[in-house]
Structures are given as C-alpha cells and as structure tokens.
Amino acid sequence: MHPGNMGTTKLAAILCLAAIAGPAAADDRAPGTLRMREPAGRRVAQRAPDGAPTDPPGDPAPSASPRPPAGDSAASASDNGKTEVISVTDAPIEHELITGRAPVSVVTRADLDTSGRATLGDILQALPAQANGANAQVNAGGDGATRINLRGLGAPRTLVLLNGRRIVNGGNGADASVDVNAIPLAAIERVEVLKDGASALYGADAVGGVVNIVTRPQFDGTDVSLLTSTSQRGDGTEYDASFVTGFTSGDKRTYVVISGGYQRHDPVLGGDRGFSQFQDSYDFATKTLTRYQSLTAPSGRIDATSIGPGGMHPPGCASDACKPTSTGGWTDFAPGDRYNEATQSYVYTPSTRYNVLATGGNRVNDHASVLAEVLYLRRSSDRQLSPVAFTADAPISKDSMYNPLGGDILDYRRRITELGPRQFVDDVRTIRGVIGVVGDAPDLLQLKHVSYELSYNYGDTRSLVGTTGQLNKPRVADALGPSMRDADGTPICVRVPGDRTTKIVYHNALGNGVIGDVPCVPLNLLSPTGAIPLAQLANLTFSDAGNGTDNQGTLLATASGQLAELPDHGTISLSLGGDERNETGQQAPPSLASGGSTTDNQALATDGQFDVYEGFGELAIVPITGGDIARRVEIDLGARALHHSRFGSHLTYKAGGLFRTVGGIAVRGTYATAFRAPSVFDLVGGRTETLPTVEDPCDARPPSAGNATRTLDPTVQSRCTAQAVPVGTAFTTNQQPAAVGGNPELRPETASTATIGAVVEPPQLSGLALSADYWRIAIDDAIETLGVPTIFANCYDRGIQAFCDQIHRDFNTHRILHVDQVLQNVHRTITSGVDLAVWYDTRFVALGRLHTGLEAQYLLRYDLDTGQQVVHGVGYYDLGVYPRYKANLSSRWIHPGGASGGFTLRYVGSYKECAADDCNNAHNLASLSRDVDRYFKLDLYGGYDLPSQLGRTTLQVGVNNVFDATPPVVYNAAAANSDAATYDFVGRMVYLRLSQQF
C-alpha cells in the first residue's frame, strides 16, 4: 500500500482529525505508548499512601529526546518498591497497569527468561485468558504458526501489536491473525495483555482483547544468551542462540537496539509417547476402548467379494479379506495386520527460525524525533503424516500383467510405505518496517503538553508450502490398467480398446514441471510389504508446492494533550487520530492438489484485499483527586468511526471509569461496542478438503464399536433412511471429508463488551494487590465455522433439515463425500466470566525478595447460538476446551547474593466429552459421556548471577513439567487422544540457559 492510493477526500478527513494538534500518530499504535524518551512504553510511578500515582523522582520532563540506557525492568520496577505503570495498549493517554481502568496481565522479562522456552507463543498460550489457539503441536491442519486466542473467541478477534503498532498476519497466505513467534524472544521487554474488548480504541480485531509486545528500551551494551533443552526421552530438543546489542550516543540524541537469534526445535513422534501411540476410539455406551488401526495396511488387503466377473477367490485365503504373501501366494488378512497411523505423525512439529529486530531513533530538534523499526523472520517448519494410503481409488484391471485373479479387483487397500511419510514443509519469510516522526509540540489552541506521532507501517509475509509422498490419481489408475511387456520385455501400460501395444505417455503439461515425455510404468500393487519397486512409483508420486502472501500497509496519525485543568488537580485530556490501512491476502495451493487429481486434500485459490479508513478519539477526565472518600475518579470516553471498502461506514464507542476510595479500594468498569468485517479469507478463502475425526452417525460398525454391529437410535435411523443409507450399512471409518473455506455472502459482525471489577491494595499490607473483574462479550452475526459434530448432531439428533443439507453422500456407496463446513454468520456468540488475580511482593531482610502471583479465570458462559440451537460450551468439549476453572500460580525468589529460584503451577479444570461431541444432547450427557481429567503442570527453575570483569554471567537450570504430567485423554480430539491447543505433549523437559551481559 502506498499513501498515494488513498482517496483524496478520505485522506483529508483522516488528517483533519489530527490537524487540531499538528502532525500526529497511529490507530494501530497502542493508545498511550510512550514516545522516544521511553520507546518501550515503560514508566515507573511511585504510589502515594492513598493509592494515587505520583511522578517518580527524576522522571524526565516530556521531550523528544531518547531515554538514557535502562537496566532490567523487573528489577528496576520492583526493587525500588514502586508500581510499574505504562500507557494502555494503544491509547495516547497514559493509564495504570494492573490497577488501572481495565484488567491487564503482564508477562515480564523475568517471566520470559525463566520459562525455559525459546518462543513467545509457547509462553503466552499458558495464560488463563487464552484458549484453543493453534500452535506447533497441531500437526494435521497446522501451519507451523502459533496464535493467541483470548477468551477462546478465535485468533482473528485478538489484536496483536508490536510496540503499539500492528503486525502483519503470518502463515501460509491470506491469514487473519499474527504468528506471535515471529518476534525474537530476546528483543522483548514485556508483554501486556489487555483482557478487555477494546475495538473502539484499537480497531475491529480487538473484540477479545489486545496483546502488546513491548521491546527492550535503548541501552549501551550487549546481552548474549544460549539455551538448550531436551525431554527426558531425548527428543523434542530445543536450541536457541540469541543476542541484544544497543548503542546510545553521548548526547542522548541517537539510539539503536538490535536483537536476533537462531532457534531450532526437534520433533516428537506420536509413537514415542504412551498417550499417542495409537489413535483410540471410545464407545460411550459400553465405556470400552478400541485401538483404531487402519485396514489400509502395508501388506495390502483385498475384499474378495469385489473381484469382478470371471475372477477367482485368492487361493490359500479362507476368508473374504485376503493379503498377498512374500512367496507370491495368499493368506487371510488378520487383525494384527492393521496399520497404526499414529506412530509416524508428529505430536510436536519441528521448526527452524532466524529472526532479527532492530529499533532506533534520532532526535532532530527539541520537538521532533525520527523512529524506525525493522523486523525480519525466516521460518522453516515441517508436518508429517503416515505414508499415503491407496483405498480403491481405481480398480486393478483384469488385464494388468500383475493381476493373477482373472477379474477386475474393485476393492483393494494398501499403505504405500515405500514412499515414506507424507511431508508438508512450510518456508515462511516475514518483513516489517516502521518509520515515523514523534515528539512534543508547543501548546496549540486549547491543548497543552501536546505529543504526536506520524508513522507508516508496512509488513509482508510470503510462504512456500511444499508437499511430498502423495500420489497422482490419474497416473495410478493408468498404472493399474491393462499392461503387458513390449518386444524388448519392458513392462508397458496400454490402452483399450484399440492397439494394445500403444504406450501411455504423459507430456510435461501433466507432469508438473517434468520436461519431456514420461512413460506410464505398470504398478504391481499386489506386492507384499515393502516390495513395490521404486521405478514403478517414480512417475506416480510428485513434489508439489503452493505459495501465499499477506500484505499490510498502515499510515497513521495521532495527537494528544491536556485540554483543561480542573480544581483539585483534576484534568481533561484529549486524544485524536486517524489511519488508513490496506490488507491483501493470497494463497495458491499446490497446483496438482487444486485440481483434485492427487491424494492430497483438494484446495482452491484465495485472492482478495480491502481498505479501511478510520478516525478515533478519546477523552480522559479526572474530575476528583484527593477527596476524603473519592480519592481519585477517572472517566474515559472514546469513539471510532470507520469506512470499510467492502462494508461501508460504522461507528463504535466506549465508556469507562475508575473510582478509588479509602483503604486502597478501587472500582472500575467499561462498556464498549465493536464492529468486525470479514477478513480476506473469510470472504474469498478457497474451499479446502479436510478430514476431521468424527464417526458417521449412520455407520452400523464404527471404530468405537470394535467388531460389533450397533443398532442406531430410531431418530438417527430415520434421518439416515431419508439420505438413502440402508439399515446396517458399515463404513468403519472415524474420519469424514469436509470442505472448509470462505463465504462471499458473509455479513460483518457487531459486538458489545463490558467489564466491572474491584481492586484492593490494603495499606496495612504493603505489596499486596487483589483484583476481581466480571467480563461479558456478546457478538451478533458472529462469523463462525460450525464443527462437523455440531452439524451431525443438528441433522441426525434434532432433525434440522438445513444441517442435513450440508451433508453430501455418494449415490452408490452411501459414504459421505463431503460436509459443507464453510464460514457462516450465526445468530450470536456470547461468553462471560470472572478474572481473579492476587499479587504479593515482599522483602525479607536477609533472604531477599519474594514475588508471588495467582491469576485465575472462572468461566460462567460460552454459548454459540446458531439460530436453531444454542450450543453450550462451558464444561463440555463440544466447542473446544472451555472448563470452568483455569489458573496459574507462580513465585519468584531473588537473593541479594545472586541466587534465584521459583516455580509456576498451571491448572486446567475438568470438563465432559460426549458421544458425537454432543453434550448438549440431554441423553448423551446423561448416559453417553465421560469426565476429562483436570490437569496440573509444575515448572521449577533456579539460577545464579556471577559478576565478572566482562559484565554479568547468569546460569539458569530448570525442569518444565516436573512430574511428567500426561495430557488428559480426550477421545474426540482431532489427533493424539488429547487436545493439542491446551496441554503439553512433550512431557518433562530439562533446560540450561547461559547468559552473558557485557
């Protein structure tokens, strides 16, 4: 996007909002992130006895000059007995953190250092407010990225910022959310998580909340850190080498901070963990467990009843399920011949990253400074599935030279282990650059102490997604067709009817880049395990690749200042701003897969863009300070007007306040509205085939029933009969094809968010703070993808025809061809809960300092109202992991002599899962359900600082998941018998970190 692309009238309207105060800065900037003098947005404030903040001694007066080098934030803020205060994420008026007008969680630099992890996403996903975000444990259906999903409302409804400014979306193209692992961990000073719907101030994506990643402030020196960790089983090893170096000029006018690193994480295979060695199926009626193993085995399996007229039953095989032997004969296919697909699938996907982040600034004069940020990421990640399965995609011709049975074989299954596992490699590159002018202006009109920013933010993500180990279906069909040996004795494929000696030859148009003519080679699919010659497979497999892009450009301007002074030290402050943002997204799937001619999932292309023009303002009023009862009162009003190139204009607003009284007690609350237009993928995302794990309700012999035949519920049977499925039909599969993708008929969604809470900081016990906040988020016309189990339940259990129409079956076999699972507007999504937090910071004379904190979430409600049914999610697995309780307890001890230690205990409460993922069915809940166990995970660490002539050396040793807690079994989960977005799949990890500060 270039500024010249903006319409003249709309650009003028945007700039008029900022013209009152002169040059200005950013919508996609966090309101109130401090300027050049404190580029990380950090300020220390000392608390007066009544709880009101006072300016810290020595805090520089507002100016555009860079701040002098700063030390470690955790130590500097807390060791002085002061409360850390920052400007709220994306509003030009400074707000208190934690005890301010909105609930905020903070992940400090110390938290990052003691986590034993090398990527930010693995740390943030443990927060109680986060739920069901994609991560590196998602193998099938993942893309190597890690997302943050506040309140479980979907990652696109969480706004992620870097130093208060937007970050380009990341992934495989046309994505709607940020890959938080794109930011080097070494560069981060802290992460602020605003757990309050804030769209009126921050933009449409902030329905669930805001995550602001704040980088380290300018400093002189260099920090180098080396981290290595490995599981007790010797896999999942992680390596990280990172650095931060900074320079500040002698006159404090110029600073540069550069950070970067290399990170690698090795894989963990499903076969190497007890909980994921097999994909289990659970019969909720009989409470019995069946280890699901595929009939598509490396040995091959022929259904003798499928052999065409004139054929014979395989000799030596007494049953109708037969397999070839290594000696050329036949024998019965036994239960032990089934194939375990789980062993070669990843439960933690491998990745390699290189990333660099540079920030800098230069003071031009007393009122203006130039700032710049540059981010670069290069990621390579890998996903792996079991070898490709041939499942009777084409018959083995009676005229094949390798078919000895004399008739067409219509049902033959074989796992092509000769090709090895299927691989999906993501190669992703992200660049992001920000350039702008910030500073303080003289008093202007009625505004005093004016600060401003004018900046341009550009980001671009490009991906290449390669796939190997798949089959070209048309070529396989030809290779299984008529064949013979030519005059030279060479096996050839031939065409019939016609000249049987005519070879089948493929030209490069069908060969995806193969130059010249490619002959068809007959395939001996009836070979025993591992015996298919690679020469026969060479022209049947292929390497393919797709590509994608995400592009974002934002021109922003904001200005803020004091509008008036009120009696008793009260103030009225005003902030105005505007932006223009352009986003484009493209995704081109692998060329052969897009045509549906391979064993890879079929996918169609995505290509779209939109522009948004926004103006926003915030009015902060402090009418009372220092009263006997009302020690401090704050009122906050904000509004945002926007024009979307696809969906027209809209207005959102917010109102909030804080009342602080005696005894360290404060009450706070906010109410806001939100508007979110569909993303590029939401609107034009190409349909893609998936294979969700769910049994066909019409299956008389599903995997969960073992070898038994079940009688369907009469209501279910009537719906199956209406779809022409004969009674007693057996499909014996636990995966059904579904088609996901965008929907050009989507409407924008609107939302209302509210919070009300209390904060207590008893003066009798210095260092103690307690908070409790009720929150509620309601989204109308919510853009959702309904799960296949929800579609099945509404069709077969409740008889709703609209959902039955989404299920398409083959006319002859009655198998499900696909389930329509495209995005749609549902009536409403609503969630509410209570956040609790307790923080205690104390000192012991000789033993040092102890900082302990508890953050918990009690979920009251998570409902998805489809218009025909309300699906309740709290306490059930129907919509994902939404337990009543989640909590983190942590404690950190620091001794003056250099020793330190601590722990983090994470808790995820119990919930129920039911047959067909439908606990909203009263019958299922009563008799076809089970409890998913609660989950505890304990991390311990210890460290020691050793001063030396070189600077400071820090050695840290830790154990994550001390008790090797196994993830609770969730049989309805997509893979690995548990939920990859919630629990730790790696197990006990031991890590060592060595840091050197020069």
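Let us look at the structure shown here. Please read these numbers as outputs of a predicted model, since none were measured by experiment.

Reading the values: the criteria
- Residues numbered from 1 in each chain as written.
- Predicted model: local features only at pLDDT ≥ 70, side-chain atom pairs only at ≥ 80, totals over all residues.
- Heavy atoms only, no water.
- Helix = DSSP H or I, 4+ residues; strand = E, 2+ residues; numbered from the N terminus.
- Contact = heavy atoms within 4.5 Å.
- Areas by Shrake-Rupley, 256 points an atom, 1.4 Å probe, with all protein chains shown as cover.
- Disulfide = S-S within 2.5 Å.
- Buried < 20%, exposed > 50% of the residue type's maximum accessible area, 1.4 Å probe, protein only.
- Core = buried A, V, L, I, M, F, W, Y, C linked by side-chain atoms within 4.5 Å.
- Patch = residues over 30% accessible without salt bridge, like charges linked within 9 Å, V, L, I, M, F, W, Y side chains within 5 Å.
- Salt bridge = Lys/Arg side-chain N within 4 Å of Asp/Glu carboxyl O.
- Phe/Tyr/Trp six-rings, centres within 6.5 Å; stacked < 30°, edge-to-face > 60°.
- Pairing = 2+ DSSP bridges.
- Axes fitted to C-alpha atoms, helices over the stretch in contact; angles between N-to-C directions.
- Parallel < 35°, antiparallel > 145°, perpendicular 65-115°, else oblique.
- Nonpolar A, V, L, I, M, F, W, Y, C, P; charged D, E, K, R; others polar.
- Polar contact = N/O pair within 3.5 Å; in protein donor to acceptor, adjacent residues only side chain to side chain.

## A look at the overall build of the chain
Here's step 1: Summing up its helical and strand segments, the chain has 13 helices and 50 strands in all.
Here's step 2: Summarising the internal contacts of the chain: among those between residues at least 6 apart in sequence, 73% fall at separations of at least 24.
Here's step 3: Carbon and sulfur atoms make up 58% of the accessible area of the chain, which amounts to about 37,600 Å² in all.

## Describing the environment of Gly 466
Here's step 1: Mapping Gly 466 onto the fold places it in strand S24 (residues 448-471).
Here's step 2: Through-space distance from the C-alpha of Gly 466 to that of Phe 424 is 5.6 Å; in sequence the pair is 42 residues apart.
Here's step 3: Setting aside residues up to four positions removed in sequence, Gly 466 forms contacts with Gln 423, Phe 424, Val 425, Asp 544 and Ala 545.

## What to know about the state of the cysteines
Here, disulfide denotes a covalent bond that connects the sulfur atoms of two cysteines.
Here's step 1: Under the definition given, this model contains 5 disulfides.
Here's step 2: Sulfur-sulfur distance for the disulfide between Cys 914 and Cys 919 comes to 2.0 Å. Between Cys 914 and Cys 919, the S-S dihedral sits near 105 degrees, and the bridge is therefore right-handed. Take Cys 914 and Cys 919: they sit in the same class, and that class is buried.
Here's step 3: In the chain, the bonded cysteines, numbered by position in the sequence, are linked as 1-2, 3-4, 5-6, 7-8, 9-10.

## Re the nonpolar core
Generally speaking, a soluble globular protein has its nonpolar side chains buried in company with each other.
Here's step 1: Ranked by size, the top nonpolar core spans 35 residues in total, and within it Cys 720, Ile 779, Phe 792, Tyr 796, Ile 807 and Val 819 carry the most contacts.
Here's step 2: Among the elements of the structure, helix H10 (714-722), strand S38 (768-784), helix H11 (788-797), helix H12 (801-804), strand S40 (816-820) and strand S42 (848-865) are those that each provide at least two residues to this core.
Here's step 3: Among the elements that make up this core, the one with the highest residue count is H11 (5 residues).
Here's step 4: Residue contacts for Ile 807: discarding those within four places in its chain leaves Gln 723, Ile 791, Phe 792, Cys 795, Tyr 796, Ile 816, His 818 and Val 819.
Here's step 5: Core analysis: the next-biggest nonpolar cluster, separate from the first, contains 27 residues, Ile 307, Leu 471, Cys 493 and Ile 532 among them.

## Description of a nonpolar patch on the surface
Here's step 1: A cluster of nonpolar side chains, contributed by Val 224, Phe 243, Phe 247, Val 256, Ile 258, Val 356, Tyr 376, Ile 431, Leu 950 and Phe 998, occupies part of the molecular surface with about 800 Å² of accessible area.
Here's step 2: Tracing the backbone shows Phe 243 in strand S10 (residues 238-248).
Here's step 3: For Phe 243, a relative accessible area of 32% translates into the label partly exposed.

## Remarks on the packing of aromatic side chains
Here's step 1: Summed over all chains, the structure comprises 10 aromatic pairs.
Here's step 2: For the ring pair Tyr 282 and Phe 284, a centre distance of 4.9 Å and an interplane angle of 85 degrees mean the geometry is edge-to-face.
Here's step 3: On the basis of relative accessible area, Phe 284 is assigned to the buried category, the value being 6%.
Here's step 4: Look at Phe 792 and Tyr 796: their rings are 5.9 Å apart centre to centre, the planes differ by 75 degrees, and that puts the pair in the edge-to-face class. A residue pair is termed a helical-turn pair when its members lie 3 or 4 positions apart in one helix, as Phe 792 and Tyr 796 do in helix H11 at 4 residues.

## Quick word on the environment of Ile 807
Here's step 1: Within the element layout of this structure, Ile 807 appears in strand S39 (residues 807-809).
Here's step 2: Considering only alpha carbons, one finds Ile 807 and Gln 821, 14 residues apart in sequence, at a separation of 9.4 Å.

## Some words on the pattern of salt bridges
Here's step 1: Applying the stated criterion across every chain, the model contains 50 salt bridges.
Here's step 2: In this structure, the salt-bridge partner of Arg 676 is Asp 682, at a minimum N-O distance of 3.9 Å.
Here's step 3: Arg 676 gets classed as buried once you look at its relative accessible area, which sits at 8%.
Here's step 4: Exposure remark for Asp 682: the relative accessible area of 9% places this residue in the buried category.
Here's step 5: A salt bridge links Asp 696 to Arg 809; the shortest N-O distance between them is 2.9 Å. Of this pair, Asp 696 sits in the loop between strand S35 (688-690) and H10 while Arg 809 sits in strand S39, and the two are 113 residues apart along the sequence. With respect to class, Asp 696 is no different from Arg 809; both count as buried.
Here's step 6: Through salt bridges with shared partners, a single network forms among Arg 157, Arg 676, Asp 682, Glu 749 and Glu 784.

## A look at the sheet that holds S39
Here's step 1: Overall, mixed pairing links the 4 strands, which are arranged S35-S36-S40-S39 in an open sheet. Two strands bound the open sheet, and with one partner strand each, they are S35 and S39. Within this sheet the neighbouring strands show an average axis-to-axis angle of 30 degrees, counted without direction.
Here's step 2: Here S35 runs beside strand S36 (residues 738-740); their pairing, made up of 3 bridges, is antiparallel. In the strand pairing of S36, Thr 688 is matched with Val 740.

## What about the pairing of strand S49 (residues 951-960)?
Here's step 1: Judged from the 9 bridges that link them, strand S48 (residues 935-948) and S49 form a sheet pairing that is antiparallel. Paired with Leu 940 across the bridge in S49 is Val 959.
Here's step 2: Joining the antiparallel neighbours S48 and S49 is a turn of 2 residues.

## Focus: H11
Here's step 1: Burial analysis of H11 places 9 of its 10 residues in the buried class, which makes it a mostly covered element.
Here's step 2: Turning to H11, its buried residues are Val 788, Pro 789, Thr 790, Ile 791, Phe 792, Ala 793, Asn 794, Cys 795 and Tyr 796.
Here's step 3: In this structure, the buried side of H11 is in contact with H10, S36, H12, S39, S40 and strand S43 (870-872).
Here's step 4: Looking at the residues trailing H11, positive phi occurs at Gly 799, about 70 degrees.

## Describing the sheet that holds strand S8 (residues 209-215)
Here's step 1: Ordered in space as S4-S7-S8-S5-S6, the 5 strands form an open sheet in which the pairing is mixed. At either margin of the open sheet sits one strand with a lone partner, and together these are strand S4 (104-108) and strand S6 (165-166).

## Thoughts on the packing of H10 against H11
The relative placement of two packed helices is expressed as an angle between their axes plus a distance between the axes.
Here's step 1: Running from N to C, H10 and H11 point in directions that differ by 95 degrees, and their axes come no closer than 8 Å. Judged by the angle between their axes, H10 and H11 are roughly perpendicular. For the pair H10 and H11, the contacting residues are Thr 715, Val 716, Arg 719 and Cys 720 in the first and Cys 795, Tyr 796 and Asp 797 in the second.
Here's step 2: Class assignment for the residues of the contact of H10 with H11 results in 4 nonpolar, 1 polar and 2 charged.

## Here's the deal with the side chain of Asn 340
Here's step 1: Note on placement: Asn 340 falls in the loop between strand S17 (330-332) and strand S18 (346-348).
Here's step 2: Engagement of the side chain of Asn 340 in a polar contact is seen with the backbone oxygen of Gln 277, the distance being 2.6 Å.
Here's step 3: Within the structure, Asn 340 has its side chain in polar contact with the backbone nitrogen of Ala 342 (distance 3.1 Å).
Here's step 4: Excluding its chain neighbours within four sequence positions, the residues that come into contact with Asn 340 are Gln 277, Phe 278, Gln 279 and Gln 293.

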